[in-house]
Amino acid sequence: MEPINLIETAGAKVKPTAPLSPSVYVIPTLRDDELYHVFISYSSTDYQWTHSLINHLESHSLQLCYHERDFTPDRTVLENMSDCIQQSQNVLLVLSPEFVRSCWCLFSTGRHCNP
């Protein structure tokens, strides 16, 4: 069975007459203080899955920020995370059991870690 895309309109779910297509989406314009559409936070154990998602999103012209590529070496992890989150329109958390166990990932959600 094929999944059905539903659109919520004023609280009612409506089945579209045609499948949703990426071509109908408009990439949001970045404001002056924004460098990224999305800051993505994930556990290193989810690297392969997350990078396939990153490649897919970037192939559709979204500007993504993630630590391996975009963190500045002379800054702390906390400084980098804070700056990157503030320079992004959205934050995407790849939730997995390992993400929940990770102190850095918990920091990005505003929670505290007790190692």
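Just above, that's the structure.
Residues numbered from 1 in each chain as written. Predicted model: local features only at pLDDT ≥ 70, side-chain atom pairs only at ≥ 80, totals over all residues. Heavy atoms only, no water.

Caption draft 1: The arrangement of helix H3 (residues 77-86) in detail. Turning to H3, its buried residues are Asn 80, Met 81 and Cys 84. Viewed end-on, H3 has its buried residues packed into an arc of 95 degrees, placing them on one side of the element. (Buried < 20%, exposed > 50% of the residue type's maximum accessible area, 1.4 Å probe, protein only. Helix = DSSP H or I, 4+ residues; strand = E, 2+ residues; numbered from the N terminus. Arc of directions from axis to C-beta.)

Caption draft 2: Spotlight on the nonpolar core. Counting nine residues, the largest nonpolar core is built from Val 38, Ile 40, Tyr 42, Ile 54, Leu 57, Leu 62, Leu 64, Tyr 66 and Val 94. Elements that contribute at least two residues to this core include exactly strand S3 (36-41) and helix H1 (47-59). (Core = buried A, V, L, I, M, F, W, Y, C linked by side-chain atoms within 4.5 Å.)

Caption draft 3: Fine view of the environment of Trp 49. Structurally, Trp 49 can be placed in helix H1. Considered as a pair, Trp 49 and Val 94 are 45 residues apart in the sequence and their alpha carbons are 9.5 Å apart.

Caption draft 4: Molecular detail of the environment of His 51. Inspection of the secondary structure assignment puts His 51 in helix H1. Judged by its relative accessible area of 11%, His 51 is buried. As for His 51 and Tyr 66, which are separated by 15 residues in sequence, their C-alpha atoms are 9.7 Å apart. Each residue touching His 51, except ones within four places of it in the same chain, is listed here: Tyr 42, Tyr 66 and Glu 68. (Contact = heavy atoms within 4.5 Å.)

Caption draft 5: Representation of the state of the cysteines. Applying the stated criterion across every chain yields a total of zero disulfides. Lacking any disulfide linkage, Cys 65 is separated from the closest cysteine sulfur, that of Cys 84, by 3.3 Å. Given the relative accessible area of 0%, Cys 65 is considered buried. Under the relative-accessibility criterion, Cys 84 is labelled buried at 3%. (Disulfide = S-S within 2.5 Å.)

Caption draft 6: View of the pattern of salt bridges. In the structure shown here, the tally under the stated rule is six salt bridges. Here Arg 75 makes a salt bridge to Asp 83, at a shortest N to O gap of 2.6 Å. Looking at Arg 75, the relative accessible area reads 34%, which means it is partly exposed. Taking the shortest distance from any N to any O, the salt bridge between Glu 98 and Arg 101 comes out at 2.7 Å. Here Glu 98 and its partner Arg 101 are both found in helix H4 (residues 97-101), three residues apart, which amounts to about one turn of the helix. (Salt bridge = Lys/Arg side-chain N within 4 Å of Asp/Glu carboxyl O.)

Caption draft 7: Inspection of the pairing of S3 at higher detail. Among the six residues of S3, six are classified as buried, and the element is accordingly described as predominantly covered. Of the strand pairs in this sheet, S3 and strand S5 (residues 88-93) are connected by five bridges, and their pairing is parallel. When the bridges of S5 are listed, Ser 41 appears paired with Leu 93. The parallel pair S3 and strand S4 (residues 64-65) is bridged by H1, and the resulting crossover is right-handed. (Pairing = 2+ DSSP bridges. Right-handed = clockwise from strand over helix to strand, strands pointing away.)

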